[in-house]
Amino acid sequence: MEEKKTLLTYTGLKKLEDELENLKVVKRKEVAGKIKEAREQGDLSENAEYDAAKDEQRDIEARIDELEKILKNAEVVVEDEVDLDKISIGCTVDVYDAEFDEEIEFKLVGSTEANSLEGKISNESPVGKALIGKKVGDIVEVETQAGTIEYKVLNINRSI
């Protein structure tokens, strides 16, 4: 079964590559040192530091595997080439929420980069799915757990 492509912006790709490099070069050495120290303390059967270090090592290796899979299947969205006539991944979108009488800015990114606290929404989220392909002036209805939300697309820009 072919793995699904992971859509990333260049910024997201760089961030994941940096994290992978840090895990492989820095964190692996740190944990190896902790394991070595714990071994030197003697009896491993009752050594909490050894167990904690081994758990940390397992978590680091799992994250390395996860990052390598993401990067292997990554498809980078070139933000300079994004079509600004319609909403797509790599765009920053200004919408008007009539219910709360406010403007909201969303940056559409791939699912691995999504972070609602930073206004980065996934193309796979309900809002992201509803916005993809829309144009300035379009009214977008989004079905959420809290009910239907209506947005008017005000502006489409390149993400910086």
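It should be noted that the structure appears before, not after, this text.
Residues numbered from 1 in each chain as written. Predicted model: local features only at pLDDT ≥ 70, side-chain atom pairs only at ≥ 80, totals over all residues. Heavy atoms only, no water.

**Digging into helix α1 (residues 10-40)**
The following threshold applies: Going along the chain from the N terminus, every DSSP run of H or I of four or more residues is numbered as a helix, and every run of E of two or more is numbered as a strand. In a helix, the anticipated span is given by 1.5 Å times the number of residues less one. Here the bend at a residue means the angle between the axes of two seven-residue stretches, the one that ends at it and the one that starts at it. Exposure classes here rest on a 1.4 Å probe applied to the protein chains alone. A residue is buried below 20% of its type maximum, exposed above 50%, and partly exposed in between. The contact criterion used is simple: two residues touch if any of their non-hydrogen atoms lie within 4.5 Å.
Counted at 1.5 Å a residue, the expected span for α1 with its 31 residues is 45 Å, and the 44 Å between its end C-alpha atoms agrees. Maximum bend of α1: about 35 degrees, positioned at Leu23. Those residues of α1 that fall on the buried side of the exposure criterion are Gly12, Leu13, Leu16, Leu20, Leu23, Val31, Ile35 and Ala38. Residues of α1 that are buried sit in contact with β1 (6-9), α2 (48-72) and β2 (74-77). Downstream of α1 by one or two residues, Gly42 has phi in the positive range, about 105 degrees.

**Overview of the pairing of strand β7 (residues 147-158)**
Definition in use: When DSSP locates at least two bridges between a pair of strands, those strands are taken to pair.
Where strand β3 (residues 91-97) meets β7, seven bridges bridge the pair, whose relative direction is antiparallel. Within β7, the position partnered with Val95 by the bridge is Val153. As judged from the six bridges shared by strand β6 (residues 139-144) and β7, these two strands associate in the antiparallel manner. Bridge pairing in β7 places Glu143 opposite Thr148. What sits between the antiparallel neighbours β6 and β7 is a turn of two residues.

These figures come from the coordinates and say nothing about function on their own.
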